[in-house]
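Structure at a glance
This is what each chain is made of:
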Amino acid sequence: MVFYKTLPVLAVSVAALCTAGSVIAGGTAAAQPPLRHIQYTVGASQDIANAEIYWRQIDPPDWGAYSHNPYEFTPNVEANLGPNQAWVHETWLADPDQWAMVVVGLPAQSTPPLADPGFVCELRVDDVVVATDAGTKGALCSLRPW
């Protein structure tokens, strides 16, 4: 039984062939950009139940993939907000200038409609505040003009 002695040689040969194949197919693999720490914070000056919050959780590979199915990259949650009750979420993105985003708004059926919940949001990248917003019906924090 010589098979077990040739297995390491076979593994090295397969690895070399795969490396050569990737060089032929397009050179060495492109380096991935470093991930940036993202912190989204959403709040309200008045108590509100079930505020709708959407945020970018992961970088889409490109605009086409995002526009085909934005909710694959943009989860949402209903959260109770108020003067002493903020919603905070952290994630990691490679391109926050393109993709970092959090938006908050009134729930679809708010009865009775709230006059002014006083929504606020803050977007931090690597612990630096890069965007803030406030609004009566909602707030959007992003570096990209949507």
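Residues numbered from 1 in each chain as written. Predicted model: local features only at pLDDT ≥ 70, side-chain atom pairs only at ≥ 80, totals over all residues. Heavy atoms only, no water.

- You'll find the protein entered in an unreviewed UniProt entry as Putative secreted protein, with Mycolicibacterium aurum given as the organism.

Considering the state of the cysteines
- Counted according to the given criterion, the structure contains one disulfide.
- Covalent S-S linkage joins Cys121 and Cys141, the inter-sulfur distance amounting to 2.1 Å. One quick way to see it: the torsion about the S-S bond of Cys121 and Cys141 is about 100°, and its sign makes the bridge right-handed. Here Cys121 is found in strand β6 (residues 119-125), whereas its partner Cys141 is found in strand β8 (residues 138-142), with 20 residues between them in sequence.
- Given the relative accessible area of 6%, Cys121 is considered buried. (Disulfide = S-S within 2.5 Å. Helix = DSSP H or I, 4+ residues; strand = E, 2+ residues; numbered from the N terminus. Buried < 20%, exposed > 50% of the residue type's maximum accessible area, 1.4 Å probe, protein only.)

Examining the pattern of salt bridges
- Throughout the structure, instances matching the rule amount to three salt bridges.
- Note that Glu122 and Arg124 form a salt bridge whose closest N and O atoms lie 2.9 Å from each other.
- The exposure class assigned to Glu122 is partly exposed, which follows from its relative accessible area of 22%.
- By relative accessible area, which is 22% here, Arg124 ends up partly exposed.
- For Arg124, the salt bridge identified is with Asp127, shortest N-O distance 3.3 Å.
- Ionic contacts of the salt-bridge type, sharing partners, join the residues Glu122, Arg124 and Asp127 into one network. (Salt bridge = Lys/Arg side-chain N within 4 Å of Asp/Glu carboxyl O.)

Comments concerning the packing of aromatic side chains
- If you walk through the whole model with that rule in mind, you get five aromatic pairs.
- Judged by centre distance (5.1 Å) and plane angle (45°), the rings of Trp63 and Tyr66 are tilted. Pair noted here: Trp63 and Tyr66 are both in helix α2 (residues 63-68), with a separation of three residues, about one helical turn.
- Residue class for Tyr66 comes out buried when judged on its relative accessible area of 12%.
- Between Tyr66 and Trp99, the aromatic rings sit 5.3 Å apart at their centres with planes inclined by 50°, giving tilted as the arrangement. Here Tyr66, found in helix α2, pairs with Trp99, found in helix α3 (residues 96-99); they are 33 residues apart in sequence, far enough to count as distant. For the pair formed by Tyr66 and Trp99, the shared burial category is buried.
- Taken together, Trp63, Tyr66 and Trp99 form an aromatic cluster joined through their ring pairs.
- Over the face of the ring belonging to Trp99 we find Arg144, whose NZ or CZ atom lies 5.8 Å from the ring centre. (Phe/Tyr/Trp six-rings, centres within 6.5 Å; stacked < 30°, edge-to-face > 60°. Lys NZ or Arg CZ within 6 Å of the ring centre and 35° of its normal.)

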